[in-house]
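Results of the structural survey
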Amino acid sequence: MLKAKHVDRLMTGLMIGSAMIMAGILIFLLGIILLRGASHISLSFLTSNSSSFQAGGGIKNQLWNSFYLLVLTMVFTVPIGLLGGIYFAEYAKDNKWTSFLRSCVELLASLPSIIVGMFGMLLFVNVFGWGFSILSGALTLTIFNMPVMIQVSEAALRAIPNHQRHGSAALGATRWQTVKTVLLPAAFPALLTGMILSAGRVFGESAALIFTAGLTTPNLHFRQWHLFAMDSPFNPMRTAETLSVHIWAVNTVGIIPDAAQVAAGASAVLVLVILLFNLSARIIGRMIERGIKGN
Amino acid sequence: MLTLEKPKASVTPIKKINPVFQVKDLNIYYGDTLAVKDVSVQFPERAITALIGPSGCGKSTFLRTFNRMNDLIPEARATGEVIYQEWNILDPRLDVVALRKEIGMLFQKPNPFPKSIYENVVHGLKCAGVKKKAVLDEAVEISLKQADLWDETRDRLTKSALSLSGGQQQRLCLARALALKPKVLLLDEPTSALDPISTAKIEELLLELMKEMTIIIVTHNMQQAARIADYTAFFFQGRLEEYGATAALFEAPKVERTKQYLSGQFG
Ligand SMILES: Nc1ncnc2c1ncn2[C@@H]1O[C@H](COP(=O)(O)OP(=O)(O)OP(=O)(O)O)[C@@H](O)[C@H]1O
Ligand SMILES: [Mg+2]
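Definitions and limits used
Residues numbered from 1 in each chain as written. Chains lettered and ligands numbered in written order. Predicted model: local features only at pLDDT ≥ 70, side-chain atom pairs only at ≥ 80, totals over all residues. Heavy atoms only, no water. Helix = DSSP H or I, 4+ residues; strand = E, 2+ residues; numbered from the N terminus. Rg over C-alpha atoms; globule rule 2.2 N^0.38 Å. Buried < 20%, exposed > 50% of the residue type's maximum accessible area, 1.4 Å probe, protein only. Contact = heavy atoms within 4.5 Å. Areas by Shrake-Rupley, 256 points an atom, 1.4 Å probe, with all protein chains shown as cover. Lys, Arg positive; Asp, Glu negative; His and termini not counted. Charge placed at Lys NZ, Arg CZ, Asp CG, Glu CD. Buried area = accessible area lost by both parts, 1.4 Å probe. Salt bridge = Lys/Arg side-chain N within 4 Å of Asp/Glu carboxyl O. Polar contact = N/O pair within 3.5 Å; in protein donor to acceptor, adjacent residues only side chain to side chain. Nonpolar A, V, L, I, M, F, W, Y, C, P; charged D, E, K, R; others polar. Near = heavy atom within 4 Å. Pairing = 2+ DSSP bridges.

1. Observations regarding the overall build of chain B
On a plain count of helices and strands, chain B comes out with 10 helices and 11 strands. The C-alpha atoms of chain B give a radius of gyration of 19 Å, which matches the 18 Å a tight globule of 267 residues would have. Looking at chain B residue by residue over its 267 residues, the buried ones come to 54%. Long-range pairs, those at least 24 residues apart, make up 67% of the contacts in chain B between residues at least 6 apart in sequence. Carbon and sulfur atoms make up 51% of the accessible area of chain B, which amounts to about 12400 Å² in all. Positive and negative charge centroids in chain B, built from 35 and 32 side chains respectively, lie 3 Å apart.

Right, here's the structure in full:
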C-alpha cells in the first residue's frame, strides 16, 4: 500500500510536471513565432500598404484596422457587458428566469467564433445591408465578446465582500448609489484586467471577421478627413481586413510570393501586441490595487 | 431546579423615559424557521441598551429590524410592529433610505470602503445629495472629532482608509455613521475584532454619544454590558427572556435562565 506521504509527493510531482509542460509549450510557441517573424519586422513592414501580387508588402492598414475594430468593439461591449454583469451580480433574484438568462450568456460565451461570424454575416451584412464593413465586424465581435464581459463584470462584483454592501446601505445609500460609488470603484482593478484580457481575444480573432469585415482593405489615407470616403481610416462602412485575418488570407487565398514571410512577421506583431495587453493588464491592475490599499 | 412550565419572561417596564422604539409581538422568520419569537419591549431614549445572549439566539437578527437591514436578506420576513416616532418601521411603504439616515449602524468587522478617509466619512451625505464642499468638509471634521480620530487623520484625509489600523478603521466607521447625525446608533459586537485599548476607546465614545442619541449594542462581552449599558436585554433561542436595568439584571436576575447564562453555565 502506498503511504499517504508518497501519494502526496507523487501528486506534487505531477502538478509541477504539468505546470512545467504548460510553461514549456508557451515559451516554445512564443519563441518560434517571434524568432521566425522578428527578421521580417521592420519599420517599412509596419508602415507600408500590403500588396496583392508582388513581394514586399507591409501591414500598416491591417494593423490600423485591428486597433480600430478593437476600439469600436470595446465601445459597444464595455457598457453592455458592465450593465449585464451588474444586473446578474446585484439585481437579479435567484429564480428560474435568472438562471435561464445566465444559461443564455454561458451558451453565447461558448459559441465557436465561426458560428458567431456566420450569424453576423446573415444579420449585419445581408439583412441590414451593411456589407463587409467595420460596423458589421465590430457588432459581430461585440456578440462574441459581450458574454465574456458580462461574466467578467459579474465575477468582479461578486468578489467584493457583502460587508461593503451592508456598510453602504446602512448609511442610507440606494442600491444604485452603492453600485456606483462603492462596488464599481472597488471592482475596478478586476474589471480593467478582465477588459484588457478580453481585448486581446478580440484583437486576435479572425474567424468571426472573415465573413463580416472582409478579406480586403482599401489603402488608407490618414489625411482623409471625409469620414465616409472609401480611403478614410475611420469610415465604419468600408471593408477592413485585420491583422489576424491577413495572416489567414495570405496563407490560404493569397498569391504574393513572400506569403510565408509576411505571415511570420504579422504573426509576430500580433503576438507581441497580445503579450503587451496581458502584461499591461497585470501591471495596471496591480498598480491600482496598491493605490487603493494605500499607505 | 426543574420546572415543567416555561418561565415567564421578566420585562421590567421602563416608565420614566420616552421610548424610542416600541416593539410589539415581533416575529422574524428566515424562510420557515423562526429566529425571533414574540418579542415585545420598549427601548428608552438617550440611553445605552445592551442585547446579550448565547450565539444564535437572534440578537443580530433583532437588531437589524430597527434599520430594516434584514431587507437585504431575501428569505427574512418579519411580523408584528416596531413603532419609531409615528411610524411602524416594518411598514413596507416606509422609506428605508430615510430611515437608515436616522438610524446608523456599526458592524462587527470594521468595513471601511476602499477609498480615502474623507470619502468614507462623506459617503452617506453624498448619497443624501449634499454637494457643497464646505458642508462636507465641516461634517468630516466634526464627525472625525466625535469619533476621536481627527488628530490621527487630519493630515492624511486623502489617504486610503485601508491604511488605518483595525481600531482606527472602526472609529472611522463610527465617524461615517455620525456624519449623518443619526438619532439612534445600532452596534453589532462593534469591538469583538478589536484589541482592549481600541475597545476601551470605543466604549468611552459611546458613553459620550449616549448624551445625544440612543444606542443599542449587541455584545458577547458581559463586562462590556456591565460597564456601559443602562439597560440590558437577555435573549435565549429567539425569545426575550429578561429585560431591565443592567445593574439589577446582573446582580439579581429574575429568570432562572438568565442566572444560568450569567454564571457561565452555557453560552
Ligand atoms: N441569513 C440567514 N438565513 C437563515 N438563517 C439565519 C440567517 N441569519 C441568521 N440565521 C439564523 O437565525 C438565528 C439567529 O441568528 P443571529 O445571527 O441573529 O444570532 P446572534 O444572536 O446574532 O448570534 P451571534 O452571537 O453568533 O452573532 C440563528 O439560528 C441563525 O442560524
Ligand atoms: Mg450576531
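2. Digging into the interface of chain B and chain A
Each side of the interface is counted separately: chain B has 25 residues, and chain A has 20 residues. Approximately 1800 Å² of surface area, both sides summed, lies buried where chain B meets chain A, with 65% of it carried by carbon and sulfur atoms. The largest share of the area that chain B buries against chain A comes from Phe113(B), Pro114(B) and Cys127(B), three residues that together contribute 24% of it. Where chain B touches chain A, the interface holds zero salt bridges. There are five residue pairs in polar contact (both at pLDDT 80 or more) connecting chain B and chain A. Here the residues of the side of chain B that touches chain A are counted per class, giving 13 nonpolar, six polar and six charged.

3. Looking at the site of ligand 1
Residues and elements named next belong to chain B. In the vicinity of ligand 1 lie 13 residues, with Ser 55, Lys 59, Ser 60, Thr 61 and His 220 positioned nearest. Between Ser 60 and ligand 1, the recorded distance is 2.6 Å, taken from a side-chain N or O atom to an oxygen atom. One of the side-chain nitrogen or oxygen atoms of His 220 is found 2.6 Å away from an oxygen atom of ligand 1. In isolation ligand 1 offers 640 Å² of accessible surface; the protein chains occlude 62% of this area. Partitioning the shell around ligand 1 into residue classes produces four nonpolar, six polar and three charged.

4. A short note on the side chain of Asn145(A)
Relative to the helices and strands, Asn145(A) is located in helix 6 (residues 134–158). If we ignore the near neighbours within four places in the chain, the residues touching Asn145(A) are Met74(A), Thr77(A), Ser198(A), Arg201(A) and Val202(A).

5. Regarding the pairing of strand 5 (residues 76–84) of chain B
Residue and element names in this part refer to chain B. Sheet analysis places strand 2 (residues 19–30) next to strand 5, joined by eight bridges and oriented antiparallel. Along strand 5, the bridge assignment pairs Ile 28 with Ala 78. Of the pairings in the sheet, the one linking strand 5 to strand 6 (residues 87–88) comprises two bridges and is antiparallel in character. Residue Tyr 84 lies in a different strand from strand 6, and its bridge partner there is Trp 87. Hairpin connection from strand 5 to strand 6: two residues lie between these consecutive antiparallel strands, with Gln 85 at a positive phi of about 50°.

As far as function goes, none of this settles anything; it's purely spatial.
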